[in-house]
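Okay, here's what each chain looks like letter by letter:
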Amino acid sequence: MINGFIYLLRDISIGLPQGSPLSPVLWIIYIHTLLKKINKIFPDRINISFINNISLIVEGKDIEDMAKLLGEAGSQLIHLGKEYHISFNEEKTEAILFIRK
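A brief structural summary. Bear in mind that the values here come from a model prediction, so they are computed numbers and not experimental data. (Residues numbered from 1 in each chain as written. Predicted model: local features only at pLDDT ≥ 70, side-chain atom pairs only at ≥ 80, totals over all residues. Heavy atoms only, no water.)

## Here's the deal with the packing of helix 1 (residues 22-41) against helix 2 (residues 63-83)
Point 1. Close contact between helix 1 and helix 2 brings their axes to 10 Å; oriented N to C, the two are set at 145°. Handedness of the crossing formed by helix 1 with helix 2: right-handed. Between helix 1, through Leu-34, Lys-37, Ile-38 and Ile-41, and helix 2, the contact on the second element is made entirely by Ala-73, Gln-76, Leu-77, Leu-80, Gly-81 and Glu-83.
Point 2. A breakdown of the residues in the contact of helix 1 with helix 2 according to their chemical character gives six nonpolar, two polar and two charged. (Axes fitted to C-alpha atoms, helices over the stretch in contact; angles between N-to-C directions. Helix = DSSP H or I, 4+ residues; strand = E, 2+ residues; numbered from the N terminus. Left-handed = near helix turned anticlockwise from the far one by under 90°. Contact = heavy atoms within 4.5 Å. Nonpolar A, V, L, I, M, F, W, Y, C, P; charged D, E, K, R; others polar.)

## With respect to helix 2
Point 1. For helix 2, built from 21 residues, the straight-helix expectation of 30 Å at 1.5 Å per residue is met to within 8% by its first-to-last C-alpha distance of 30 Å.
Point 2. Looking only at helix 2, the buried set comprises Met-66, Ala-73, Leu-77, Leu-80 and Gly-81. All buried residues of helix 2 project into a common sector of 105° when viewed along the axis, lining one side. Along helix 2, the residues that are exposed and aim more than 90 degrees away from the buried face are Glu-64, Lys-68 and Lys-82.
Point 3. Turning to helix 2, the residues buried within the fold contact helix 1 and strand 2 (53-57). (Expected span 1.5 Å × (residues − 1). Buried < 20%, exposed > 50% of the residue type's maximum accessible area, 1.4 Å probe, protein only. Arc of directions from axis to C-beta.)

## Topic: helix 1
Point 1. Compared with an ideal rise of 1.5 Å per residue, which puts 20 residues at 28 Å, helix 1 spans 30 Å between its outermost C-alpha atoms and is within 8% of the ideal.
Point 2. For helix 1, the principal kink sits at Ile-31 and spans about 40°.
Point 3. Listed as buried for helix 1 are Trp-27, Ile-31, Leu-34, Leu-35 and Ile-38. (Bend = angle between axes of the 7 residues up to and from the residue.)

## What to know about a nonpolar patch on the surface
Point 1. Together, Leu-16, Leu-22, Val-25, Leu-26 and Ile-29 make up a nonpolar patch on the protein surface, roughly 430 Å² of accessible area in all.
Point 2. For Leu-26, the position within the fold is in helix 1. (Patch = residues over 30% accessible without salt bridge, like charges linked within 9 Å, V, L, I, M, F, W, Y side chains within 5 Å. Areas by Shrake-Rupley, 256 points an atom, 1.4 Å probe, with all protein chains shown as cover. Salt bridge = Lys/Arg side-chain N within 4 Å of Asp/Glu carboxyl O.)

## Observations concerning the nonpolar core
Point 1. Core analysis: the biggest nonpolar cluster contains eight residues, these being Trp-27, Ile-31, Leu-34, Leu-35, Ile-38, Leu-77, Leu-80 and Ile-86.
Point 2. Counting only elements with at least two residues in this core, the list comes to helix 1 and helix 2.
Point 3. The element that contributes the greatest number of residues to this core is helix 1, accounting for five residues.
Point 4. Those residues within four positions of Ile-31 in sequence are excluded, and the remaining contacts are Ser-49, Ile-54 and Ile-86. (Core = buried A, V, L, I, M, F, W, Y, C linked by side-chain atoms within 4.5 Å.)

## Structural notes on the environment of Leu-16
Point 1. Its place among the elements puts Leu-16 in the segment before helix 1.
Point 2. For Leu-16, a relative accessible area of 41% translates into the label partly exposed.
Point 3. It is 10.0 Å that separates the C-alpha atoms of Leu-16 and Leu-26, two residues lying 10 residues apart in sequence.
Point 4. Sequence-distant contacts of Leu-16, that is, excluding residues within four places in its chain, are made with Leu-22, Ser-23 and Leu-26.

Okay, structure coming up:
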């Protein structure tokens, strides 16, 4: 309802063209709530979003613990994404381990 008017919901069959200047703005608006929820659930992680990419970063000394935490955060992100009608391409998901020698 906007200003007392009730509008019917309509399906959108097309999106914005690749490279549209509106795309990043809409992404930020749409993904903001999802990232805030992930930050509340996993406050010890850093979530970085850039255009249409999300990174989950964890720091620690035990590789197995870090992998478990990232796995849990990733699963939660995918679950919350479904609630918000956001799908993530799991085939494009990558894990990178940085260590100090």
